[in-house]
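Analysis of the macromolecular model
Take a look at the letters that make up each chain.
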Amino acid sequence: MEASSLARNLLPSPMPELSFSSSLSPFSVRSRLRSSKSVQTTLQRTLVHAVAVNQETPQNSPQRLLKELAERKKAAFPKKRVPPKRFILKPPMDDAKLIDRFLKSPQLSLKSFPLLSSCLPSSRLNNADRTWIEEYLLEAKQALGYPLEPTEELGDDNPAKQFDTLLYLAFQHPSCERTNARHVRNGHSRLCFLGQYVLELAFAEFFLQKYPRESPAPMRERVFSMIGKRFLPKWIKAASLQNLVFPFEDMDRMIRKDREPPVKSVFWALFGAIYLCFGVPEVYRVLFEVFGMDPEDESCQPKLRRQLEDVDHVSVEFEDRKLSWQDVAAYKPPQDALFAHPRLFRACVPPGMHRFRGNIWDFECRPRVMQALGYPLPMNDRIPEITEARNIELGLGLQLCFLHPSKYKFEHPRFCLERLEYLGQKIQDLVMAERLLMKHLDAPGLWLQQKHRRMLLNKFCGRYLRDKHLHKFIIYGEPVQDSYEHNRRLRNPATTAVQQAIHGLSYAIYGKPDVRRLMFEVFDFEQIQPKPV
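The structure reproduced in this document is the subject of the present report.

Rules used in this analysis
- Counting starts from 1 at the beginning of each chain's written sequence and moves along it residue by residue.
- Predicted model: local features are reported for residues with pLDDT of at least 70 only, side-chain atom pairs are reported and counted for 80 or more only, and whole-chain, interface and lining totals are derived from all residues.
- Each side-chain value is derived from all of the structure's non-hydrogen atoms; neither hydrogens nor water enter the calculation.
- Strands here are runs of E lasting at least two residues and helices are runs of H or I lasting at least four, both read from the DSSP assignment and numbered beginning at the N terminus.
- Partly exposed residues are those whose accessible area sits between 20% and 50% of the maximum for their type, while under 20% is buried and over 50% is exposed, using a 1.4 Å probe and protein chains only.
- In this analysis, two residues are considered to be in contact whenever any of their non-hydrogen atoms come within 4.5 Å of each other.
- In short, Shrake-Rupley with a 1.4 Å probe defines the accessible areas, and a residue's cover is counted only from the protein chains shown.
- For this analysis, a salt bridge means a side-chain nitrogen from Lys or Arg found within 4 Å of a carboxyl oxygen belonging to Asp or Glu.
- A patch consists of residues whose relative accessible area exceeds 30% and which take part in no salt bridge; residues with like charges are grouped when within 9 Å of each other, and nonpolar side chains (Val, Leu, Ile, Met, Phe, Trp, Tyr) when within 5 Å.
- Only Phe, Tyr and Trp rings take part, Trp by its six-membered ring, and two of them pair if their centres are within 6.5 Å. Stacked means planes under 30 degrees apart, edge-to-face means over 60, and tilted covers everything else.

**With respect to the overall build of the protein chain**
Summing up its helical and strand segments, the protein chain has 25 helices and 0 strands in all. Within the protein chain, the proportion of its 533 residues that are buried is 46%. A sequence separation of at least 24 residues applies to 72% of the contacts in the protein chain between residues at least 6 apart. Summing over all exposed atoms, the protein chain offers an accessible surface of approximately 30700 Å²; the carbon and sulfur share of this is 55%.

**Some details on the pattern of salt bridges**
Considering all chains together, one arrives at 31 salt bridges under this definition. The salt bridge partner of Asp156 is Lys161, with a shortest N-O separation of 2.5 Å. Here Asp156 falls in the exposed class, since its relative accessible area comes to 59%. With relative accessibility at 22%, the residue Lys161 sits in the partly exposed group. The residue Lys237 makes a salt bridge to Asp252 at a minimum N-O spacing of 2.5 Å. In this pair, Lys237 is assigned in helix α10 (residues 232–238) and Asp252 in the loop between α11 (242–245) and α12 (256–278), connecting sequence segments 15 residues apart.

**A look at a nonpolar patch on the surface**
On the surface, Leu98, Phe102 and Leu108 cluster together into a nonpolar patch covering about 240 Å² of accessible area. Positionally, Phe102 belongs in helix α4 (residues 95–104). Classification of Phe102 by relative accessible area gives partly exposed; the value is 35%.

**A short note on the environment of Ser189**
With respect to the helices and strands, the residue Ser189 is situated in helix α8 (residues 182–210). Sequence separation between Ser189 and Cys119 is 70 residues; the distance between their C-alpha atoms is 9.6 Å. Sequence-distant contacts of Ser189, that is, excluding residues within four places in its chain, are made with Pro444 and Gly445.

**What to know about the packing of aromatic side chains**
Evaluated as defined, the whole model comprises 27 aromatic pairs. Seen in terms of ring centroids, Tyr284 and Phe288 are 6.4 Å apart; in terms of plane orientation they differ by 15°. Their pairing is stacked. Placement of both Tyr284 and Phe288 in helix α13 (residues 280–290) is noted, with a separation of 4 residues, approximately one turn of the helix. Ring plane angle 40° and centroid distance 5.5 Å describe the contact between Phe356 and Tyr408, whose orientation is recorded as tilted. Here Tyr408 lies in helix α19 (residues 405–408) and Phe356 lies in the loop between α15 (342–348) and α16 (360–364), a separation of 52 residues in the sequence. The exposure class assigned to Phe356 is buried, which follows from its relative accessible area of 11%. Ring pairs connect the aromatic residues Phe203, Phe206, Phe207, Tyr211, Tyr284, Phe288 and Trp325, which therefore count as one cluster.

Structure, rendered in structure tokens:
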């Protein structure tokens, strides 16, 4: 009301009608019109200002409260930042481009070596990659003890032909300048993902054979003291590779959080490349010759602990001597060997297990366990006695897999599943890693690592064994049998250990193909087989 009254007082009265036939001159009429327009504009500005001044809402009005609420929302929930361009979804390629990309990809070039092919870069190396290879690759090969000639000249049936490419990818850690290229970044991370499990399995096999009486706990400490993250810079410097990992910085002056992750990434990827091209014996040579690791060194010894007295025999080949890494790397099973890895089987299954042959478990439970696992596998043996002996040892090994530590461990430390469980953990990690690499060609290593960890959770491993109703055959000690069978927190880790021990036994007797059969056909780790209704 006040604003409207103010407007009425300020606005001029309407102008009288002008007659051009009167005595007024045209000039005076034009000037009067111009002055009236300027007055009207001034009054309109004054009116708007007066209305704005008088439009302030009271404190409790809903409009004011809504306005304050909107301002608070802006402060509490700011607009999200625009994601980087590499995370913005792009429209899919048309079929012709997609087919062309896959056909030209090096990952589909090797039909004879599917695992090696899956770890090659997703696209061909460009000029920047060739520049690094020409500048640094000879230095890396010389430090690792390889011939300096380019491996591309080797035959197509030789996996070492791809060694130059994989060695280049192994040194392109996430902190270096070439990691912006997608094929380099993914290629390195996939090698790194594979290499960590190669190292774990290689050390597990070595220490199981070198220390046939030791429990897995000291072995794990030995492995950590040799390839733990904090110790890797020492080995990289011992092999004179620090200038290839950090070409523009002094590694000794870097702080730990900047130095250790790139070194760990390069170290793991390096052994992934060596494993793919040359196999496990070459992994041992590089570890103990090039990097100079010494299992007998004082810094690699486990902490002192109370050891249970081991009164049982070990196999003849382990008596009175410790195997060296050369013995483990150069060992080849004889032609008519019972097992794929005879020495590894003897290191995990003590000879004294023959005293359990013919007991109640052997008659009642062993046939049902073997039927559930699909054992014994058909083998082409020249002599029938070899097949019979293998099946006997398989039955004793299965009984050891189901022998819980609560039964005999305190009197006979090796008469339990612990050593087979340790081996089974490592081989199932490697088999699953190889499966994921061949199945997901475009996936980066970090994604594969997360999927690997989710698929091999301990609770899943034990659940797959219980789904086959094999947990009923575990042999517990009498004082704890009721608590283990009826307490889920005790039972589930025990079933996990048995399942992993079965994988270790399978690897020692039949080799890696049988571990794949157990994991993906019998226990269905990928959960892709139809379930019975």
